[in-house]
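# Architecture at a glance
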Amino acid sequence: MRTDELIARLALDARPVRPLPEPRMRATLWLAASAAYVLLLIALMSPDPARLAGIRAPRFWLEQLAAFATAITAAVAALASVIPGRSRRAWLLPIAPLLLWIATLAWGCIGDVTGKGLGGMTVYSDWPCLVAMMTGAALPAFIMAMMLRRGAPLAPRATGAFAALAGAALSSVGACLSRPAPHPTAITVVAWHFGTLLALVSIGAWTGGRLLSWRVSPSMWRTS
Amino acid sequence: MAEDEGNDFRSLMIAANGGDADAYARLLYGLAPVIRRIVGVDRQFVGADAVEDVVQDVLLSIHTVRATYNPDQPFMPWVFAIARHRIIDAGRRRVRLGSREVEFDEADVTFSTADPNIHDRDVFDMDALRTAIERLPNAQRQAIELLKMGELSLREASAATGMSIGALKVAAHRGMAALRAKLRVR
């Protein structure tokens, strides 16, 4: 097909389109829907919601705050990464809250070792948290995928990784808040929550490379 | 000058996203040479014969993701970002395909020796060939006329003649052998 013919075909398809809102606005919408879902899961899974009010450890709440901030900033990064011409500075946004999250966990590990000795480094089995994280990340990831498909797949692997990081971080908060008792050691959170998070980010990067592609209508492309 | 052009394109894009087909056509016709220049810079990377394909890829991509253009932002950086990514995609595709394909010059003859390349020789006396075909047995003549001259498929020739596909194959083979013998073509 000649370029002139292609342009004529494209012009025929010039339907009105609504410009996408800014990534921050879209991230807010994603967060509203996803947080409502995670809160619902917390309400359904938590046997004793009053337990949360009794948690006084500032490290616990700082950890949840950092994970929550990681989720928001990763969502902004994912949604900004599908807008052509946007600065990639948005990609750096999740670094600070992620480092804070890691720091709170390191703080917890050090506290466990100083308080319990080497027993503080025991990794306990935590399958319920893994299931809670997978369940909690499912809908946010789906909503994010739908939102990302309206954008341009400029860096699909990075976009997929950011999207998965956003969903996994948010679901990690949900998993921690819905537990009947605190984690016995911080290293258990590192192993199970961060292990699940890394697995989900890897899956997100892999899936993003395959799912996010330039969707071009075959009727317009080299049909003659 | 370039800034004015960018502003014009931006106005056209805003109108196009509002559904103005004329503005959209003017925008794309105006953008095509700009994109061609951008892609042309990287023609070594994408392949000189693929430049126009990449230009079309970029135009299609612009069309597909036109909702991502924010009217409050400059237009040309948005176009350049799409073009840059599509050029990289095309270059990667070329490298990937190049690692699996072997290029060779298009041969103008079927064989390297002269004997089998009979087009330049005077063996094709069309009258003699026509006469030879007419003198073939009826089934062989029909098979040659339909399958070789008419380029029908075996199924179509079978439907036209009522002969089975197997019988057509045999008749065509025997007819060709008879013609070779009569015309003394190896």
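Scope of this entry: the structure provided in the associated data block. One numbering rule holds for all chains: residues counted from 1, following each sequence as written. Written order decides the labels, with chains lettered from A and ligands numbered from 1. Local features in a predicted model are, by the rule used here, given only for residues with pLDDT of at least 70; side-chain atom pairs are given and counted only at 80 or more, and totals for whole chains, interfaces and linings are based on all residues. Computation of side-chain values: all heavy atoms of the structure, hydrogens and water removed.

The number of helices and strands found in chain B is nine helices and zero strands. Only DSSP runs of H or I with at least four residues qualify as helices, and only runs of E with at least two residues qualify as strands; both kinds are numbered from the N terminus onward. For chain B, the α and β elements follow one another from N to C terminus as α-α-α-α-α-α-α-α-α. Each residue's exposure class comes from its accessible area (1.4 Å probe, protein chains only) as a fraction of the maximum for that residue type: buried when under 20%, exposed when over 50%, partly exposed otherwise. By the burial criterion, 35% of the 186 residues in chain B qualify as buried. Taking as baseline every contact in chain B between residues at least 6 positions apart, the subset at least 24 positions apart corresponds to 56%. Here, Shrake-Rupley sampling with a 1.4 Å probe gives the accessible areas, and only protein chains in the shown set may cover a residue. As presented, chain B carries roughly 11,800 Å² of accessible surface, and 51% of it is formed by carbon and sulfur atoms. Contact criterion: two residues are considered in contact whenever any of their non-hydrogen atoms come within 4.5 Å of each other.

As a further point, take the packing of helix α4 (residues 58-80) of chain A against helix α5 (residues 95-116) of chain A. Residue and element names in this part refer to chain A. Where helices are involved, their axes are fitted lines through C-alpha atoms of the stretch in contact, as for all axes, and angles between N-to-C directions lie from 0 to 180°. Remark: α4 packs on α5, axes separated minimally by 8 Å, with the N-to-C direction vectors making an angle of 155 degrees. With respect to each other, α4 and α5 are oriented roughly antiparallel. In the packing of α4 onto α5, the handedness of the crossing is left-handed. Across the interface between the two elements, Arg59, Leu62, Glu63, Ala66, Ala67, Ala69, Thr70 and Thr73 from α4 touch Pro97, Leu98, Leu100, Trp101, Thr104, Leu105, Trp107 and Gly108 from α5. As a working rule, the residues Ala, Val, Leu, Ile, Met, Phe, Trp, Tyr, Cys and Pro are called nonpolar, Asp, Glu, Lys and Arg charged, and the rest polar, with Gly in that last group. When grouped by side-chain class, the residues that make up the contact of α4 with α5 number 10 nonpolar, four polar and two charged. In what follows, roughly perpendicular refers to angles from 65 to 115 degrees, roughly parallel to angles under 35, roughly antiparallel to angles over 145, and oblique to any angle outside these ranges. Left-handed describes a crossing in which the near helix is turned anticlockwise from the far one by less than a right angle; the clockwise case is right-handed.

It is worth spelling out the packing of aromatic side chains at this point. Residues and elements named next belong to chain A. Centres within 6.5 Å are what make two rings of Phe, Tyr or Trp a pair, Trp counting through its six-membered ring; a difference in plane orientation under 30 degrees is then read as stacked, over 60 as edge-to-face, and the rest as tilted. Summed over the entire model, instances satisfying the criterion amount to eight aromatic pairs over all chains. On the basis of an interplanar angle of 85 degrees and a centroid distance of 5.0 Å, the ring pair of Phe60 and Trp61 is categorised as edge-to-face. Accessibility expressed as a relative area gives 13% for Phe60, which makes it buried. Judged by its relative accessible area of 35%, Trp61 is partly exposed. Taking 5.7 Å as the distance between ring centres and 70 degrees as the angle between the ring planes, the aromatic pair formed by Trp91 and Phe162 counts as edge-to-face.

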